[in-house]
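Breakdown of the fold
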Amino acid sequence: MLKVDGVLGGRTGITDGEELKIMIQLLKKYRGYATTLISLYINGDRPIPDVLNMLRNEWSVASNIKDKTTRTHVQDALERIINALKGTAKAPPNGLAVFGGFHMEKPGSYKWVMYAIIPPYKISTYKYVCDTRFHTELLEDMISASSSVFGIIVIERGEAVIALLKGSYWEIVDKVEFFVPNKHHAGGQSALRFKRQTEHLAETFYKLVAEDANKILLQIPNLKGIIVAGPGPTKEDFLKEGGLDSRLMDKIIAIVPACCADISGVLEAIKASEDKLKETEYVKAKKLMEEVMYIAVKKPDYIVYGRDNVLNAIEKGIAKVVLISEDIGEDEIFKLTTMLRGKKIDLVVIPNSVEESLTLSKTFGGYVAILATPSWIIEEWENASQSLTQ
């Protein structure tokens, strides 16, 4: 077992992308005095003795640092990491990411932190960085490479937005505006000329949207599908113009109605396409919150909420699924993740991008547990325990 001082008591295997996201957010909070935080990425099966030799050499180099505080922190951090890695023959198959150093809580006050992580995906490089922050870019790249991305194009007359749905989050990445006049009701040749002009402006607008969509979506290697949405026939007219690249046309999984080219339209498009997006984290989170609301009304004995009640249900072993709000903070999320590791309990973080997250925060205090057995069993166990102690 790798020895780790600090928050963790041992080498930590991150089991999925969600845990990795939580870990990254935690690491990003730390700041060092000058370049005193060490990030070390070790690719799989690399002999650890080779790594130790490199670290000892870095310790010698650090003796030349002029600033005494920086020199002391860097050398002390290297010594602790070396001691933690001793006794390990080689890195795990997926590699090992080590983050260690003295976090500056305030000037003159420093706290030692260290995390040794076995990621869920393979580390393909060997890298050592000493900086004022931990370098999490390689871990972030793992999430990007493993997440399926869906493109969303919401288009109406003269306005369009292009959005990306990635994991449990979505965002608008581009907005296109172009003047296309409304239909003209005048008669005669004037009306025909105006109609041709309007059609020409609409075609120009569609081409602008297609150009932007091609530029954005063709750059995404893990693009799984595209949703095209909008009011009336505009979305179909846009697709008929042929400006969208054929590779993207092949990825269209849904053409659905939506009110307008803005946030509301994107949400409508996602909701109308849930059957096509059912495997995404975003839709899974929405469905779970719908299940929570159903159980709360129809089977209230099978749900508890609030931090203390949820932790009690976990401790008693009757929690089946634990849902927590992103608002409770990275530290608390990480503690729960660590607590549940190895237990047959699913932990789901409901992101703020899911509209129902507000209900989770405001109504349930940010914590909900769906139970395998009724909540009254907890009360019976507690009463029985009290009787035995009396």
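All chains use their own residue numbering, which begins from 1 and follows the written sequence. For a predicted model such as this one, the threshold for reporting local features is a pLDDT of at least 70, and the threshold for listing and counting side-chain atom pairs is 80 or more; totals across whole chains, interfaces and linings nevertheless cover every residue. Hydrogens and water are ignored here; the side-chain numbers use all heavy atoms of the structure.

**A few points about the overall build of the protein**
Note the following rule: Secondary structure is summarised from DSSP: a helix means a run of H or I of at least four residues, a strand means a run of E of at least two, and numbering begins at the N terminus for each. For the exposure calls, accessible area comes from a 1.4 Å probe over protein chains only, and a residue counts as buried if that area is under 20% of its type's maximum, exposed if over 50%, partly exposed in between. Working rule for contacts: check all heavy atoms of both residues, and any pair within 4.5 Å makes them a contact. Where accessible areas are quoted, they stem from the Shrake-Rupley method and a 1.4 Å probe; at the residue level, only the protein chains shown are allowed to cover.
Helix and strand content of the protein: 13 helices and 14 strands. Going through the 390 residues of the protein one by one, you find that 46% of them count as buried. Within the protein, residue pairs in contact and separated by at least 24 positions form 73% of the contacts whose partners lie at least 6 positions apart. Approximately 19,800 Å² of the protein is accessible, and the part contributed by carbon and sulfur atoms is 51%.

**Concerning the sheet that holds strand β13 (residues 346–350)**
Our working definition: Any two strands with at least two DSSP-identified bridges between them are counted as paired. Inter-axis angles, ranging from 0 to 180 degrees, are taken between N-to-C directions of lines fitted to C-alpha atoms, where helices are fitted over the stretch in contact.
Taken together, the four strands give an open sheet; going across it, the order is β11-β14-β12-β13, and neighbouring strands pair in mixed fashion. Strands with a single pairing partner mark the edges of an open sheet, and in this sheet they are β11 (303–305) and β13. Taken pair by pair, the neighbouring strands of this sheet meet at an average axis angle of 20°, ignoring direction. By the bridge criterion, three bridges tie β11 to strand β14 (residues 367–371) in an arrangement that is antiparallel. Within the sheet, the bridge partner assigned to Y305 lies in β14 and is V368.

**Brief notes about helix α12 (residues 357–364)**
We count it as follows: Our arc is simply the arc of the directions from the helix axis toward the C-beta atoms.
For α12, the complete set of buried residues consists of S357, L360, S361 and F364. Take α12 and look down its axis: the buried residues cluster within an arc of 120°, on one side only. The exposed residues of α12 that point more than 90 degrees off its buried face are L358 and K362. Backbone geometry just after α12 places G365 at a positive phi near 70°.

**Notes on the nonpolar core**
Spelled out, the test is: Think of a nonpolar core as a cluster: buried Ala, Val, Leu, Ile, Met, Phe, Trp, Tyr and Cys residues, connected wherever their side-chain atoms sit within 4.5 Å. For each domain, the first and last residues come from an automatic or database assignment.
By size, the foremost hydrophobic cluster in this structure holds 37 residues, and its most contacted members are L27, F99, Y115, L139, I314 and V322. Top contributing element to this core by residue count: helix α1 (residues 17–27), with six residues. Two domains each provide a minimum of three residues to this core, namely domain 1 (12–145) and domain 3 (299–381). Setting aside its immediate chain neighbours within four residues, V322 contacts V310, I314, I345, D346, L347, V348, V368 and A369.

**Here we look at the sheet that holds strand β8 (residues 169–177)**
Reading across the sheet, the five strands line up as β8-β7-β6-β9-β10 and stay open at both edges, with mixed pairing between neighbours. Since the sheet does not close on itself, it has two edges, and those belong to β8 and β10 (252–257), each with one partner. The sheet shows a mean angle of 20° between the axes of neighbouring strands, direction not considered. Bridge analysis of strand β6 (residues 149–156) against strand β9 (residues 223–230) gives six bridges, and the strand direction is parallel. When the bridges of β9 are listed, I152 appears paired with I227.

**As for the pairing of β14**
Within β14, five of the five residues are buried, which leaves the element mostly enclosed by the surrounding structure. Side chains of β14 alternate between two faces, with Y367, A369 and L371 and V368 and I370 buried alike. Sheet topology places strand β12 (residues 319–325) next to β14; five bridges connect them, and they run antiparallel. Residue pairing across strands places V322 opposite A369, the latter belonging to β14.

Worth remembering: the numbers are spatial, not functional.
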